[in-house]
Amino acid sequence: MGDITKEHGEFPRTERTRVTRKPDRGSYDRELIYSILDQAFVCTVGFIVDDLPYVVPTNYVRVGDKLFLHGSTASRLMRTLSGGAPFCLSVTLLDGIVFSPTATGNAVNYRSVVVMGKAEVIESPEAKLAAMRDFVDYVLRGRWATVRPPSEQELKGTMVLAVPLVEASAKVRTGFAVDDNKEYDGSAWTGVLPCKWTSGEPLADPRGKPDIAVPANIAHYTRPQ
Ligand SMILES: Cc1cc2nc3c(=O)[nH]c(=O)nc-3n(C[C@H](O)[C@H](O)[C@H](O)COP(=O)(O)OP(=O)(O)OC[C@H]3O[C@@H](n4cnc5c(N)ncnc54)[C@H](O)[C@@H]3O)c2cc1C
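Just so it is clear, the model here is predicted, and its values are computed rather than measured.

A. Structural context of the site of the ligand. Taken together, Val-42, Tyr-54, Val-56, Pro-57, Thr-58, Asn-59, His-70, Gly-71, Ser-72, Ser-75, Arg-76 and Leu-77 form the complete shell of residues around the ligand. Between the ligand and Arg-76, the relevant distance is 2.6 Å, taken from an oxygen atom to a main-chain nitrogen or oxygen of the residue. One of the backbone nitrogen or oxygen atoms of Leu-77 is found 3.1 Å away from an oxygen atom of the ligand. Within the complex, 48% of the 860 Å² of free accessible area of the ligand lies under protein. When contributions to the shell around the ligand are tallied by element, the ones reaching two or more residues are strand E3 (52–59), strand E5 (66–72) and helix H3 (76–82). Considering every element that reaches the shell around the ligand, the biggest residue donor is E3, with 5 residues.

B. View of a nonpolar patch on the surface. Together, Phe-99, Trp-189 and Leu-193 make up an exposed nonpolar region whose accessible area comes to about 340 Å². On the secondary structure map, Phe-99 appears in strand E6 (residues 87–99).

C. The arrangement of the confidence of the model for the protein chain in detail. Residue-level pLDDT values for the protein chain average 94, and 96% of them are 70 or greater. Between residues 1–5, whose pLDDT stays under 50, and residues either more than four places distant or in other chains, the model counts 3 contacts.

D. Looking closely at helix H4 (residues 125–139). For H4, spanning 15 residues, the distance from its first C-alpha to its last is 21 Å, which sits close to the expected 21 Å at 1.5 Å a residue. Among the residues of H4, those classed as buried are Lys-128, Ala-131, Met-132, Asp-134, Phe-135 and Tyr-138. Buried residues of H4, seen end-on, are gathered within an arc of 160° and therefore sit on one face of the element. Structurally, H4 contributes buried residues whose contacts are with helix H2 (30–39), E3, strand E4 (61–63), E5, helix H5 (152–156) and strand E9 (158–164).

Rules and cut-offs
- Residues numbered from 1 in each chain as written.
- Predicted model: local features only at pLDDT ≥ 70, side-chain atom pairs only at ≥ 80, totals over all residues.
- Heavy atoms only, no water.
- Near = heavy atom within 4 Å.
- Polar contact = N/O pair within 3.5 Å; in protein donor to acceptor, adjacent residues only side chain to side chain.
- Areas by Shrake-Rupley, 256 points an atom, 1.4 Å probe, with all protein chains shown as cover.
- Helix = DSSP H or I, 4+ residues; strand = E, 2+ residues; numbered from the N terminus.
- Patch = residues over 30% accessible without salt bridge, like charges linked within 9 Å, V, L, I, M, F, W, Y side chains within 5 Å.
- Salt bridge = Lys/Arg side-chain N within 4 Å of Asp/Glu carboxyl O.
- pLDDT = per-residue confidence, 0-100.
- Contact = heavy atoms within 4.5 Å.
- Expected span 1.5 Å × (residues − 1).
- Buried < 20%, exposed > 50% of the residue type's maximum accessible area, 1.4 Å probe, protein only.
- Arc of directions from axis to C-beta.

The structure is reproduced here in structure tokens:
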């Protein structure tokens, strides 16, 4: 039997990932954390260069127990992470705006993940190419088979980093305001405005061939892919 705890168990609660504020909203469940990660493909990465913090948005793909990042070999983000610098990465899904009867009770419903890690540089051209394919297909399943693959030069200019998922936490807020009943005597509407990411109408590139129809999975795009 395989290592079920690794695939389906919980991440360890470490000193850095222990949710201290509203701990009931925290989770270390791998399945939950992976489901949040798979809903998105943009994260923000925080790292330190010369004692100064930077937080930079970037794309990622999750493959099994790893995230992969990619970028130009000239990028400060990629160069810093490739040097073994510790970093923190987060992903947030906004699920709703919570309107409470009090100013301080207003809140948001969300699912978010924080990952602490160190990256490993993917050196072999085959592994890099596989990661590039995963990047493309993670955003749109089946896309890789329809586009020109990267040239040797493009592969050389792209750095791919693997982030083993070993230290991660999720935090999830759901439901209405948590104010006391006595606060509900006022005149403000209270409730939740659900929010979700949706795609719009596809816009055809004027340089594309007009006889190629919009694929169904672009016209009706959903996450996860
Ligand atoms: C949704 C999204 C997805 C992206 N995906 C990727 C990806 O997969 N790979 C990749 O390499 N890059 C990606 N980028 C671009 C990425 O954010 C960085 O601009 C890029 O990686 C260069 O990083 P750097 O540290 O070398 O930036 P530098 O150019 O060294 O940063 C210098 C300064 O420029 C400003 N800056 C840099 N980037 C941004 C930004 N995005 N927004 C506002 N100010 C900025 C900041 O003030 C920063 O301190 C993505 C950006 C977005 C918004």
